[in-house]
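Survey of secondary and tertiary structure
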Amino acid sequence: MSLEQYCKDNNLDKNKVFNMVMGEGGGILPCPAAFTGYMAEITDNSVICRNNKLNVYREIPFASFESAEFGIGSGNLWLQCVVEGSPFVFCSPRKSWKSPAAKLLIQKIEEQTGIIDKKEYEHFTGKLFLLYMLIR
């Protein structure tokens, strides 16, 4: 289901919903297969992750984020976090990383723990992205 359709069906503001693709969910979110997708609603105090196919609903308070770091791997931008002592690693398409929802998510995590290597985010979402990826 598309992000737009998901927001419409659930009466959510698309500027506060991020399409998250899990690389590793640790004990936080189930990740039964590589690249398990979640819709993530960003609130003032938490991110609410849903996967209707897996029947998963999990509210993750921003206060539980212990660390965060951007990295690029396999042509994707990953945000590698530690949440409640467990790895919580996700990526998203480039278009999604440039969205208002992504910026809000980054802001909320940054307020809690800071984000290491934010320059990777700036390179990945910047105008010279293709050049950066070629020389990287």
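Attention in this report is confined to the structure presented alongside it. No experiment lies behind these values; they were computed from the predicted model shown. (Residues numbered from 1 in each chain as written. Predicted model: local features only at pLDDT ≥ 70, side-chain atom pairs only at ≥ 80, totals over all residues. Heavy atoms only, no water.)

1. Some remarks on the state of the cysteines
Under the convention used in this document: Disulfides are defined in this document as cysteine sulfur pairs within 2.5 Å.
One pass over the structure, following the stated rule, counts zero disulfides. As a non-bridged cysteine, Cys 7 has Cys 49 as the owner of its nearest cysteine sulfur, 14 Å distant. Note on Cys 81: no disulfide assigned, nearest cysteine sulfur contributed by Cys 49 at a separation of 11 Å.

2. Overview of the pairing of strand E1 (residues 17-24)
Using the following cut-off: Pairing between two strands is assigned when DSSP locates at least 2 bridges connecting them. The secondary structure listing takes helices from DSSP runs of H or I that are at least 4 residues long and strands from runs of E that are at least 2 residues long, numbered from the N terminus.
Bridging between E1 and strand E2 (residues 36-42) involves six bridges; their strand directions are antiparallel. Bridge assignment links Met 20 to a residue of E2, and that residue is Tyr 38. In this structure, E1 lies alongside strand E7 (residues 86-91), joined through three bridges in antiparallel fashion. Considered in E7, the bridge of Val 21 is made with Cys 91.

3. Remarks on helix H3 (residues 100-113)
Selection criterion: In this scheme, a helix's expected span is set at 1.5 Å multiplied by one less than its residue total. Here the term buried applies to any residue with accessible area under 20% of the maximum for its type, exposed to any over 50%, and partly exposed to those in between, with areas from a 1.4 Å probe on protein chains only.
Here H3 contains 14 residues, and its C-alpha end-to-end distance of 20 Å stays within 8% of the 20 Å for a straight helix at 1.5 Å per residue. Of all the residues in H3, the buried ones are Ala 101, Ala 102, Leu 104, Leu 105, Ile 106, Lys 108 and Ile 109. Gly 114 sits one or two residues past H3 and shows a positive phi near 80°.

4. Looking at the pattern of salt bridges
Inclusion rule: Any Lys or Arg side-chain nitrogen found within 4 Å of a carboxyl oxygen on Asp or Glu counts as a salt bridge.
Tallied over the full model, the rule gives four salt bridges. One salt bridge in this structure joins Arg 50 and Glu 41, with 3.4 Å as the shortest N-O distance. Judged by its relative accessible area of 22%, Arg 50 is partly exposed. A relative accessible area of 18% places Glu 41 in the buried class.

5. Details of the pairing of strand E6 (residues 76-83)
Two strands pair when backbone bridges link them, and strand E5 (residues 65-73) and E6 are joined in this way by eight bridges, in the antiparallel orientation. When the bridges of E6 are listed, Glu 69 appears paired with Gln 80. Between E5 and E6, which pair antiparallel in sequence order, lie two residues; one of them, Ser 74, sits at a positive phi of approximately 55°. Across six bridges, the pairing between E6 and E7 is antiparallel. Each bridged residue has a counterpart across the sheet, and for Val 83 the counterpart in E7 is Ser 86. Hairpin geometry of E6 and E7 is characterised by an intervening segment of two residues between the two adjacent antiparallel strands and by a positive phi of about 50° at Glu 84.

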